[in-house]
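# Structural features, examined
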Amino acid sequence: METSIREQANTAVEVVNARLNYLVNATPKPVNYTYDPPAGVPRSSGKHVSQDVAIRNARELLDELSLDTNGFVLTKHETAVKDFYDSEEVKSIYYPEVERLLKQETGAARVVIFDHIVRNPVLAKRGEKGAREPAKTVHNDYTVKSAPRRVRDHLPEEADRLLQSRFAEINVWRPIRGPIESSPLALCDARSLLPGDVVPCDLVYRDRVGETYGFTYNPQHRWYYFPRMERNEAILLKCYDSKDDGRARFTAHTSFEDPNSPANAEPRESIEVRALVFWPPVAI
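Attention here is on the structure that accompanies the text. Worth saying up front: this structure is predicted, and the values here are computed from it rather than measured. (Residues numbered from 1 in each chain as written. Predicted model: local features only at pLDDT ≥ 70, side-chain atom pairs only at ≥ 80, totals over all residues. Heavy atoms only, no water.)

Maximum bend of helix α2 (residues 87-106): about 35 degrees, positioned at tyrosine 94, with proline proline 96 one to four residues after it. Listing the buried residues of α2 in full gives Glu89, Val90, Tyr94, Tyr95, Glu97, Val98, Leu101, Leu102 and Thr106. Where the residues of α2 are buried, they touch β4 (72-76), β5 (110-119), β7 (167-175), β12 (233-241) and β14 (270-278). Its side-chain oxygen at 3.1 Å from the backbone nitrogen of glutamate 88, aspartate 86 defines the N-terminal cap of α2. Just downstream of α2 lies glycine 107, where phi reads positive at about 75 degrees. (Bend = angle between axes of the 7 residues up to and from the residue. Helix = DSSP H or I, 4+ residues; strand = E, 2+ residues; numbered from the N terminus. Buried < 20%, exposed > 50% of the residue type's maximum accessible area, 1.4 Å probe, protein only. Contact = heavy atoms within 4.5 Å. Polar contact = N/O pair within 3.5 Å; in protein donor to acceptor, adjacent residues only side chain to side chain.)

Judged by nonpolar contacts, the single largest core of 73 residues is most densely connected at Ile55, Phe72, Tyr94, Leu102, Trp223, Phe226 and Ile235. For isoleucine 235, the residues in contact, after removing those within four places along its chain, are Phe72, Val73, Leu74, Asn171, Val172, Trp173, Leu185, Leu187, Phe226 and Met229. (Core = buried A, V, L, I, M, F, W, Y, C linked by side-chain atoms within 4.5 Å.)

It is worth spelling out the side chain of histidine 221 at this point. Structurally, the position occupied by histidine 221 is in the loop between β10 (209-215) and β11 (223-225). Residue histidine 221 is classed as buried on the basis of its relative accessible area, which comes to 9%. At 3.0 Å, the side chain of histidine 221 and the side chain of tyrosine 22 are in polar contact. Apart from residues lying up to four places away in sequence, histidine 221 is in contact with Tyr22, Cys188, Ser192, Leu193, Asp197 and Thr216.

Bringing the packing of aromatic side chains into the picture now. In total, this model carries 12 aromatic pairs according to the counting rule given. Taking 5.1 Å as the distance between ring centres and 85 degrees as the angle between the ring planes, the aromatic pair formed by tyrosine 213 and phenylalanine 250 counts as edge-to-face. Note that tyrosine 213 is positioned in strand β10 and phenylalanine 250 in the loop between β12 and β13 (253-255), a separation of 37 residues in sequence. This pair shows no difference in class: tyrosine 213 is buried, exactly as phenylalanine 250 is. One residue, arginine 166, lies across the ring of tryptophan 279, its end atom 3.7 Å from the ring centre. (Phe/Tyr/Trp six-rings, centres within 6.5 Å; stacked < 30°, edge-to-face > 60°. Lys NZ or Arg CZ within 6 Å of the ring centre and 35° of its normal.)

Moving on to the pattern of salt bridges. Going through the model one piece at a time under the given rule, you end up with 27 salt bridges. Between arginine 166 and aspartate 241 there is a salt bridge whose closest N-O contact spans 2.6 Å. Of the two residues, arginine 166 sits in the loop between α5 (159-162) and β7 while aspartate 241 sits in strand β12, which places them 75 residues apart along the sequence. This pair shows no difference in class: arginine 166 is buried, exactly as aspartate 241 is. Taken together, the shared-partner salt bridges in this structure form one network comprising Asp68, Arg166, Lys238, Asp241, Asp245 and Arg247. (Salt bridge = Lys/Arg side-chain N within 4 Å of Asp/Glu carboxyl O.)

Geometry only, nothing functional implied.
Right under this line is the structure:
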């Protein structure tokens, strides 16, 4: 019999204590390369420090979580995808599935999916199937500068009109194979983030320079995770919201080493899809 999200909450631990990697300071501006930089240039700059934090089981709070309050939610989501490492299958089958999911969960009028990443540390070390390692520093994918730029990058002819109304950048994160036994995703309640915690960081591509947020440590940060996620579960993670009215706008997140992982834990396999989400103009 299939186990429900609620039933899983009753079998998981309540809190784990783990170490998360934070930036130490904001100057000079940290720089991260998406490729091997020139000789003598580090792949990533900025000093990090490992901090002990308590990470609570968010399955216990499922009915209380919302994208606008906390910045993340968990939902059941079935998929017809057979091979998440097949980029063409992901684009032809999974992208439309995620578009429907985001419209259903957010009430958005339009969803534009522009990117996806598969993560598998074993394949990443071999350089196979485009897989990457789990991200191991506290970060958020977009900033007040780079999120609108994404709209202009992907929808240049419509950008001026679209940017006049509310939009968001939301990631949909799920296991490729479950349950997740190692390197789960930790999520910081957006209400516990303060402006002074945020550090803009350059993200250098071969043809452009983007921007992400890193974070400095604050003991007020409230961290959560969803233990032992299965393939038919998905996290919706809000990485940017243009509406600045007190709702969640950014959500710090990172993978972490779960002290409860079994000694023979399977390597984490996951996929995250990035989407621009648009709401219609508010009538005046």
